[in-house]
Structures are given as structure tokens and as C-alpha cells.
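In case you want the letters, here they are:
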Amino acid sequence: MSEKVVVWGNQTTMNMENVLQLNIQASPYFKGLFEYKTYHEVLQEIYTEVRSVDPWILGAAKTPSTAFCLLFKLFTLRLTVKQLQGMLDSTRSVYARALGFLYLRYSTTPKDLWEWFEPYLDDEQMIQPRGPTSKAVPFGRFILQLLTELKYYETILPRIPVPIAREIEKNIKERKDQASAALKGGSGRDSSEREYDRDRSDRDRDRSSRADDRADDRQRSSRTDERRDKPRDRDERRSRSTSRERRRDRDDKRDRDRDADRSRDRDR
């Protein structure tokens, strides 16, 4: 069987502000919860009925809320560690989770609070503590306020002994410093990587530009050579044509001279 959550302080009032605790016990709704004998029955009522974790019903003078009546009912049952852990990790109702942390804040040993709260301080699930029309806040921020502030809406939370409160403040500061260092370290690496990428990109563009320039130079040189070679080719063709004509003229003259010589020989 799971061990009970350690109860600290007043074993009857749950360390609640006197006026709130008395109004809860006098509430017709709380008296109707008498028939609920088990944790699971109360938890089901939380799933069904709780839509805020205000201590008082808004607009109704000194009428305790459904949530706080059920919170005090849980206290009368003395939750086990397993039952409380089930509420903290509930996936059915964020208000069941909130009541679990309120149970701890009101009744457990102050020196154990940090160990219970710390794993959930970065929880980003949203909660509207005062109901569907109220401002939503991250769950981690909501429970951080429970841990560090004395006033909770229109009531007062149990005072945490000064040495323990200072230790909690120190732990919170260390967490913030670590998160800040991690963020700066990550930003530094990202900046360095981005700078390296920019330099590499510039180098690549320079290489590409130089390659393009060389290609353009080769093309211009090739076109210049082609233009320079064309007149030379025409001259060479003219020269070859002229040489062939001269040879042909010489051959014709030689043939005519030979025919003339033969004709003279016959006349003699």
C-alpha cells in the first residue's frame, strides 16, 4: 500500500485561512460530499464539476468555490503519494492537476515542496485559474506563483519558513541562470554557424564569379581569334587561287610555244 503524503502543521484545518476553512465546512455543497468515501469518487467529481481554482465563487460573498470544497474533502481522505502523483500527472483535467499542487502547498512539509514542484516548473500546458473567461497562463508559471507568493487571489497561503523560502528562491535563480546560459550558448553557436555559412557562401560566390570571368575571357578570346583568322583564311585562299592561275598560264604558254616550234619545223 502506498504511503500517505506527509501532513504538516494543523491536522484539522489544512493550514487554510480561518474564514475560508469555516465557510467550507458550513457549505451545503461540502456537506453533500459526505457520501463520497473514496479518492476516485472525489476525483470524478473534480473532472465533472471543477472549471476554476478560485477559493471563492466570484460574485457570491464568502461562498467557497466547488474547487476548494473538493480540495478540503481530499484532505479529509489523506491522500497517498500514488494518488497525489496521479493528480499531478492527470491528462483529463488541468484543474485536477492544480488542486494536486494546492493540496501540497497547503498541507505538506515545506522542505519537500521544491522536490514536488521543480519537475513541473517548465510545464507549458495552459490553465485559466479563474475560469473560462479569465486569462490563460502556462501551468509552470501558475505553480511557481503558488511556490513563491503568500497571497492567492482573495485568501492567504500558509507561510513557508524563511530559511526554506530562501533556499527555494536560490534554487529558482539557479534554474533561471542555467536556462539563460543555455540560451546564450545556443545563440552563440547559432551565430557562429551562421557567420561561417555566410563566409562560405561568399567564398563560393567569389569562386563562381572568377570561374565565370575566366569562361567569358575564353569565349572572348575565341571569338577574337575567329575574327582574326577569317581574313587570314581568305588571304590564303586568294593566294592559293592566284598560284593555280599562274601555273595554268605558264602551262598554256609552254604548250603554245611547243606547238609553234613544231609548226616551224614542218615548214622547213
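Residues numbered from 1 in each chain as written. Predicted model: local features only at pLDDT ≥ 70, side-chain atom pairs only at ≥ 80, totals over all residues. Heavy atoms only, no water.

## Focus: the packing of helix α3 (residues 39-49) against helix α4 (residues 66-77)
At their nearest, the axes of α3 and α4 sit 10 Å apart, and the two run at 170 degrees to each other. In terms of axis orientation, α3 runs roughly antiparallel to α4. For the pair α3 and α4, contact is made by Tyr39, Val42, Glu45, Ile46 and Glu49 and by Thr66, Leu70, Lys73, Leu74 and Leu77, respectively. For the contact of α3 with α4, the class distribution of residues is 6 nonpolar, 1 polar and 3 charged. (Axes fitted to C-alpha atoms, helices over the stretch in contact; angles between N-to-C directions. Helix = DSSP H or I, 4+ residues; strand = E, 2+ residues; numbered from the N terminus. Parallel < 35°, antiparallel > 145°, perpendicular 65-115°, else oblique. Contact = heavy atoms within 4.5 Å. Nonpolar A, V, L, I, M, F, W, Y, C, P; charged D, E, K, R; others polar.)

## Some thoughts on the nonpolar core
If you look at the biggest cluster of nonpolar residues, it comprises 57 residues, and the most contacted ones within it are Ile46 and Phe142. Looking at this core, the elements with two or more residues in it are α1 (18-26), α3, α4, α5 (81-88), α6 (94-107), α7 (113-117), α8 (139-148) and α9 (162-267). At 10 residues, α6 tops the list of elements feeding residues into this core. The residues touching Phe142, leaving out its near neighbours within four places in the chain, are Val53, Ala98, Ile127, Pro129, Val137 and Tyr152. (Core = buried A, V, L, I, M, F, W, Y, C linked by side-chain atoms within 4.5 Å. Buried < 20%, exposed > 50% of the residue type's maximum accessible area, 1.4 Å probe, protein only.)

## Concerning the side chain of Arg105
With respect to the helices, strands and loops of the structure, Arg105 is situated in helix α6. One buried charged side chain, Arg105, makes no salt bridge at all; its nearest oppositely charged neighbour is Glu149, positioned 9.3 Å away. With near-sequence residues (within four places) excluded, Arg105 lies in contact with Leu113, Phe117, Leu146, Leu147, Glu149, Leu157, Pro158 and Ile160. (Lys, Arg positive; Asp, Glu negative; His and termini not counted. Salt bridge = Lys/Arg side-chain N within 4 Å of Asp/Glu carboxyl O.)

## A look at the pattern of salt bridges
For the coordinates displayed, the defined rule picks out 7 salt bridges. A salt bridge links Asp123 to Arg97, with the nearest nitrogen and oxygen atoms 2.6 Å apart. Here Arg97 lies in helix α6 and Asp123 lies in the loop between α7 and β1 (126-127), a separation of 26 residues in the sequence. Each member of the pair, Asp123 as well as Arg97, is classed as buried.

## What to know about the confidence of the model for the protein
Residues at a pLDDT of 70 or more form 69% of the protein, whose mean pLDDT is 84. Low pLDDT, under 50, characterises residues 188-194; the stretch is placed with 0 contacts to residues that sit more than four places away or in other chains. (pLDDT = per-residue confidence, 0-100.)

## Brief notes about unusual backbone geometry
Here the phi dihedral of Met14 falls at roughly 65 degrees; this positive angle occurs in a residue that is not glycine. Of the residues examined, Met14 reaches a relative accessible area of 0% and is grouped as buried. Its identity as a non-glycine residue notwithstanding, Asn15 has a phi of 65 degrees, on the positive side. Along the chain, the position of Asn15 falls in the segment before α1.

## Considering the environment of Pro129
Turning to its location among the elements, Pro129 is positioned in the loop between β1 and β2 (137-138). By relative accessible area, which is 4% here, Pro129 ends up buried. What Pro129 contacts, discounting residues up to four positions off in sequence, is Ser52, Val53, Asp54, Ser134, Lys135, Val137, Phe142 and Tyr153.

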